Amino acid sequence: MKGRPPARGPEWSRDRTERFERNDAWALTLTLIKSGIFVTETLGNLIDMLPEDAYPGEDPGEVVTEMAAGSIVPLVNKVGRKQCRETIELIDSVVESILGELRLAAEIAGRREKGYTV
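Residues numbered from 1 in each chain as written. Predicted model: local features only at pLDDT ≥ 70, side-chain atom pairs only at ≥ 80, totals over all residues. Heavy atoms only, no water.

A. Representation of the overall build of the chain within the structure. A count of helical and extended segments in the chain gives three helices and zero strands. The secondary structure elements of the chain, listed N-terminal to C-terminal, are α-α-α. Out of the 118 residues belonging to the chain, those deemed buried represent 7%. Within the chain, contacts between residues separated by at least 24 positions form 28% of all contacts whose residues are at least 6 apart in sequence. Approximately 10200 Å² of the chain is accessible, and the part contributed by carbon and sulfur atoms is 58%. (Helix = DSSP H or I, 4+ residues; strand = E, 2+ residues; numbered from the N terminus. Buried < 20%, exposed > 50% of the residue type's maximum accessible area, 1.4 Å probe, protein only. Contact = heavy atoms within 4.5 Å. Areas by Shrake-Rupley, 256 points an atom, 1.4 Å probe, with all protein chains shown as cover.)

B. Local environment of helix 2 (residues 60–79). For helix 2, which comprises 20 residues, the first-to-last C-alpha distance of 29 Å matches the rise-based estimate of 28 Å (1.5 Å per residue) to within 8%. Maximal helix bending in helix 2 amounts to about 40 degrees, located at I72; proline P74 follows within four positions. The backbone nitrogen of G61 lies 2.6 Å from a side-chain oxygen of the residue at the head of helix 2, namely D59. (Expected span 1.5 Å × (residues − 1). Bend = angle between axes of the 7 residues up to and from the residue. Polar contact = N/O pair within 3.5 Å; in protein donor to acceptor, adjacent residues only side chain to side chain.)

C. The arrangement of the layout of surface pockets in detail. As a volume, the largest pocket reaches approximately 650 Å³. Surrounding the largest pocket, 19 residues form its lining, S35, V39, I72, T87 and I91 being those nearest its centre. Those elements that provide at least two residues to the lining of the largest pocket are helix 1 (16–49), helix 2 and helix 3 (81–113). (1 Å grid on protein atoms, 1.4 Å probe; cavity = no way out; pocket = protein on both sides within 12 Å on 5 of 7 lines; lining within 4 Å. Points joined across faces, edges and corners; volume = space filled by probe spheres on them.)

D. Molecular detail of helix 3. Taking 1.5 Å as the rise per residue, helix 3 with 33 residues should run 48 Å; its terminal C-alpha atoms sit 48 Å apart, in good agreement. Looking one or two residues beyond helix 3, the residue adopting positive phi is G115, at roughly 95 degrees.

E. Molecular detail of the pattern of salt bridges. Under the counting rule described, the total for this entry stands at two salt bridges. A salt bridge links K82 to E86, with the shortest nitrogen-to-oxygen separation between them at 2.7 Å. On the criterion of helical spacing, the pair formed by K82 and E86 is a turn pair, its members being four residues apart in helix 3. A relative accessible area of 60% places K82 in the exposed class. Residues R111 and E107 are paired through a salt bridge, measuring 2.7 Å at the closest nitrogen-oxygen approach. With R111 and E107 both in helix 3, this residue pair falls four residues apart, about one helical turn. Overall, R111 belongs to the partly exposed group, its relative accessible area being 43%. Classification of E107 as partly exposed rests on a relative accessible area of 41%. (Salt bridge = Lys/Arg side-chain N within 4 Å of Asp/Glu carboxyl O.)

Structure below.
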């Protein structure tokens, strides 16, 4: 995957605004996918590598999450709380949008399986 839409993607649109909006959506989607994979793999591997007695009485996942959060505090301080909250809201909205589309697709598939036309 590269950081741009596929060859027959949004850049073929004649509408300049739509082209930019879709390219932005593509870039956001790709960034979220790559970031999610990176964070999941990296933190998961770190948790797996920790000796069992590394943090007695504490959940290793919580400890590693706290460490990760601590490493981004300077960035959050730099961009400000408002932008951080807006970014969180955007990411949550992206997840909800994808889940909504998946639910709809599952509902349509279920109806088709029962013989309904959609």
